[in-house]
Amino acid sequence: MRKFLFSSAMIGVIAGGWNTVQATRHGPRDWRLVMLWLGWGLSAAVAVGTVIEDANKRQVES
């Protein structure tokens, strides 16, 4: 769990998620909001995949 919390990719995803939530709360509800959430979801998936891949590489090297 620590590898996810302290990864710079995950910190970026959390910050982006916060901005997405704020845009959802205060912005207009149109197609751009859907694209914003889709982009954030893809970024989160890439960040999680990167953390898992790095963990697997470290495990193989050990």
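Now for a look at the structure at hand.

What counts as what
- Per-chain numbering applies: the sequence of each chain, read as written, is numbered from 1 onward.
- Where local features are concerned, this predicted model is filtered to residues with pLDDT of at least 70; where side-chain atom pairs are given and counted, the filter is 80 or more; whole-chain, interface and lining totals use all residues.
- Heavy atoms throughout the structure, all of them, feed into the side-chain values; hydrogens and water do not.
- Helix and strand assignments follow DSSP, with helices taken as H or I runs no shorter than four residues and strands as E runs no shorter than two, numbered in order from the N terminus.
- Residue burial is assigned from relative accessible area. The probe radius is 1.4 Å, only protein chains are included, and a residue is buried under 20% of its type maximum, exposed over 50%, and partly exposed in between.
- Any two residues whose heavy atoms approach within 4.5 Å are treated as being in contact.
- Aromatic pairing here means that ring centres of Phe, Tyr or Trp (its six-membered ring) are within 6.5 Å. Orientation follows from the plane angle: under 30 degrees is stacked, over 60 is edge-to-face, and everything else is tilted.

A look at the environment of methionine 10
Thought 1: Relative to the assigned elements, methionine 10 resides in helix α2 (residues 8-26).
Thought 2: Given a relative accessible area of 13%, methionine 10 falls into the buried group.
Thought 3: Once the C-alpha coordinates of methionine 10 and tryptophan 31 are considered, the two residues, 21 residues apart in sequence, prove to be 26 Å apart.
Thought 4: Among all residues touching methionine 10, those that are not within four sequence positions of it are Phe4, Ala47, Val48 and Val51.

Looking at the packing of aromatic side chains
Geometry of an aromatic ring pair is reported as the spacing of the ring centres plus the angle between the planes.
Thought 1: Across all of its chains, the model carries one aromatic pair by this definition.
Thought 2: Geometrically, the ring pair formed by tryptophan 37 and tryptophan 40 is edge-to-face, given 5.8 Å between the ring centres and 85 degrees between the ring planes. With tryptophan 37 and tryptophan 40 both in helix α3 (residues 31-61) and three residues apart, this pair spans about one turn of that helix.
Thought 3: Take tryptophan 40: its relative accessible area is 28%, and that puts it in the partly exposed class.

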